[in-house]
Amino acid sequence: MKEALVTAVNDQINAELESAYLYLAMSARMEERNLPGLARWLKIQWEEEIAHAMKFYDFLIQRDAHVSLKAIAQPEATFDSPLEAFRMVLEHERHITSRIWELSELAADESDYALQSLLKWFVDEQVEEEDNARAAIDALSLVGDSGPGLFLFDREMGARTDAGQAAAE
Ligand code: OFO
C-alpha cells in the first residue's frame, strides 16, 4: 500500500476509536440521568465503532501494512438534554462521513481498488448512521425532555439489538 494511504487509514482507526470513546462517555451520562434505554443504545454504538476500527485494522494487516495506534483524546460528552445529546451524535457522524469521503477520494487518486471497495461499505454505513441520529432527534423533538413520552422513547431505544448480533445478520 502507498504510505499516504497507510497513514490515512491509521488516522481513521483513531477516529473510529475516538467515536467509540465519545459514545461510551455519553452512555455513562445517560445512566446518570436514569435513561437506561438511551444508555444501552449508545453503548451498542460504542461497540459498533470498535467494530469499525477493527475493519480498518484487519484490512491493514491483510495488506501487510503497518498498524500504528495513536492516543485517544478525552471525549467532550457534556449535554443539557437527550435532544442535545443526539444533535451531538448527528454532528459527530457528519464529521465522520466527511472523513470517509476524503479517504475515498484519496483511495481513488491512488488507484487503490481494494481500499475503495472497503470504503464503499463505510459510505453506506454513514448514510445509516446519520439517518439513525436524525430519527432520534425527530422523536426527541416531539416527546421533549421529560415525562411519559421520554420514558416510552427510552424504552424503545433500549430495545436495540446488540452490535454483535447486528454484525452477524
Ligand atoms: Fe459512527 O461511524 Fe464509524 O465509521
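A. How the structure looks around the environment of R29. If you trace the backbone, R29 turns up in helix α1 (residues 3-32). We classify R29 as partly exposed; its relative accessible area is 31%. The sequence separation of R29 and P82 amounts to 53 residues, and the corresponding C-alpha distance is 9.8 Å. Sequence-distant contacts of R29, that is, excluding residues within four places in its chain, are made with A77 and F79.

B. Region of interest: the pattern of salt bridges. Taken as a whole and judged by the stated rule, the model has seven salt bridges. A salt bridge links K70 to D11; its shortest N-O distance comes to 3.1 Å. In this pair, K70 sits in the loop between α2 (36-62) and α3 (82-109) while D11 sits in helix α1, placing the two residues 59 residues apart along the sequence. Note that R29 and E32 form a salt bridge whose closest N and O atoms lie 2.9 Å from each other. Of this pair, R29 and E32 both sit in helix α1, three residues apart, which is roughly one turn of the helix.

C. Expanded view of the packing of aromatic side chains. Tallied over the full model, the rule gives three aromatic pairs. Ring geometry for F56 versus F122: centroids 4.2 Å apart, planes at 15°, classification stacked. Here F56, found in helix α2, pairs with F122, found in helix α4 (residues 113-143); they are 66 residues apart in sequence, far enough to count as distant. The same class applies to F56 as to F122, namely buried. Both rings, one in W121 and one in F122, keep their centres 4.9 Å apart while their planes meet at 80°; by these two values the pair is edge-to-face. Classification of W121 as partly exposed rests on a relative accessible area of 35%. One Lys or Arg, R160, reaches over the ring of W41 and ends 4.5 Å from the middle of that ring.

D. Spotlight on the packing of α3 against α4. Viewed as axis vectors pointing N to C, α3 and α4 meet at an angle of 165°, and their least axial separation amounts to 9 Å. Taken together, α3 and α4 sit at an angle that is classed as roughly antiparallel. Relative to α4, α3 is oriented so that their crossing is left-handed. Here the residues of the contact of α3 with α4 are counted per class, giving 19 nonpolar, five polar and six charged.

E. Representation of unusual backbone geometry within the structure. Backbone geometry at D64 places phi at a positive 60°, although glycine is not the residue there. Looking at the element boundaries, D64 is found in the loop between α2 and α3. In this structure, S111 is a non-glycine residue whose phi angle is positive, near 55°. Checked against the element boundaries, S111 lands in the loop between α3 and α4.

The rules behind the values
- Residues numbered from 1 in each chain as written.
- Predicted model: local features only at pLDDT ≥ 70, side-chain atom pairs only at ≥ 80, totals over all residues.
- Heavy atoms only, no water.
- Helix = DSSP H or I, 4+ residues; strand = E, 2+ residues; numbered from the N terminus.
- Buried < 20%, exposed > 50% of the residue type's maximum accessible area, 1.4 Å probe, protein only.
- Contact = heavy atoms within 4.5 Å.
- Salt bridge = Lys/Arg side-chain N within 4 Å of Asp/Glu carboxyl O.
- Phe/Tyr/Trp six-rings, centres within 6.5 Å; stacked < 30°, edge-to-face > 60°.
- Lys NZ or Arg CZ within 6 Å of the ring centre and 35° of its normal.
- Axes fitted to C-alpha atoms, helices over the stretch in contact; angles between N-to-C directions.
- Parallel < 35°, antiparallel > 145°, perpendicular 65-115°, else oblique.
- Left-handed = near helix turned anticlockwise from the far one by under 90°.
- Nonpolar A, V, L, I, M, F, W, Y, C, P; charged D, E, K, R; others polar.

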